[in-house]
Amino acid sequence: MKITIRGVRGSIPTSGPETDIYGGNTSSALVFDEGWLLVLDGGSGLQQFKNEDKQGVKRIDVLLTHLHLDHIQGLGFFKALFEPGMEVHIYGPASSADSLHARLSRYLSPPLFPVRIRDLPCNLILHEVEKSSFEIGPFKIDSDYVIHSGPTVGFRIESNGAVFTYIPDHEPALGLSGMINDVKWISGIDLARNADILLHDAQYTSKEYKTRYGWGHSSMRDALQFAAISKVKRLLLGHHDPSHNDEKLEAMLTDMKKQTEYPFPFELAKEGMVIAL
């Protein structure tokens, strides 16, 4: 399994020399194995999708954690959607209010976008997921709802014995007294348990989180606690706040490494990083 990170920023893209190291594009990642390609989220990082990324595939599967704009704003610039004959499957969380097609059409239609979803030349198939298990080529995928505003899922992706868990927007510490002590009730725990790599929301400092409680995102400390409880082998801290430049992110990471030791390596998710499992 080969994982390529294309976007790590949260909320809104940022640009400029102060974000050159870790990147300013919003959430997107590629997962490739045995001739099959998964695209995780459709943030602005998806605009970096290149022909060589396709690896010659005739089908691409896009897994959306949720439909906030920072996770779908790159879809309109995803070249595969405009390629006749390309089979594109988009998976997104089910909602009790509207279908996935109706919700995506709000963005992929005027006045927000000039091309309507019905006019895309690719062979587009939409799938709604909940607490679901399904297979795509060599990938066994589990999805489940996690704590975030609006219908939101995380994904556990397994292939050839390796597990990558992707939960970029998540607030598992939302409760009367922080994270619940009983493991079986912690949001997202089954998705992350014993994963080889977990990419998880770590948008805020602990001080910032106190004034953003209930916004659907985690402090870096809570992300580390969640990873420790889940017994993951490696943690990527992502969904970087748009107000945090490279210097701020590195200061946050250094602070965490000084305060507590964890039984797994952890680092800042970085645009362009490639990981082989």
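For the structure given in this document, a descriptive report is provided here. Just so it is clear, the structure is predicted and the values come from calculations on it, not from any experiment.

Moving on, we come to the pairing of strand β6 (residues 123–129). As judged from the seven bridges shared by strand β5 (residues 87–93) and β6, these two strands associate in the parallel manner. Each bridged residue has a counterpart across the sheet, and for H89 the counterpart in β6 is I125. A crossover links β5 with its parallel partner β6, the connecting element being helix α1 (residues 100–107), and its sense is right-handed.

Next up on the list: the pairing of strand β1 (residues 2–7). Within β1, five of the six residues are buried, leaving the element largely enclosed by the surrounding structure. Where β1 and strand β14 (residues 274–276) come together, three bridges link them in antiparallel fashion. Within the sheet, the bridge partner assigned to K2 lies in β14 and is A276.

What follows covers the pattern of salt bridges. Opposite charge on two side chains permits pairing when their charged atoms draw close. The tally for this structure, following the rule as stated, stands at eight salt bridges. E87 serves as the salt-bridge partner of R59, at 4.0 Å between the closest nitrogen and oxygen. Of this pair, R59 sits in strand β4 (residues 59–63) while E87 sits in strand β5; the two residues are 28 residues apart in sequence, bridging distant segments of the chain. Judged by its relative accessible area of 26%, E87 is partly exposed. Between K140 and D142 there is a salt bridge, with the nearest N and O atoms lying 3.1 Å from each other. On the accessibility criterion, K140 (36% relative accessible area) is partly exposed. By relative accessible area, which is 16% here, D142 ends up buried. Beyond isolated ion pairs, a larger network of salt bridges with shared partners links R59, D61 and E87.

What counts and how
Residues numbered from 1 in each chain as written. Predicted model: local features only at pLDDT ≥ 70, side-chain atom pairs only at ≥ 80, totals over all residues. Heavy atoms only, no water. Pairing = 2+ DSSP bridges. Helix = DSSP H or I, 4+ residues; strand = E, 2+ residues; numbered from the N terminus. Right-handed = clockwise from strand over helix to strand, strands pointing away. Buried < 20%, exposed > 50% of the residue type's maximum accessible area, 1.4 Å probe, protein only. Salt bridge = Lys/Arg side-chain N within 4 Å of Asp/Glu carboxyl O.

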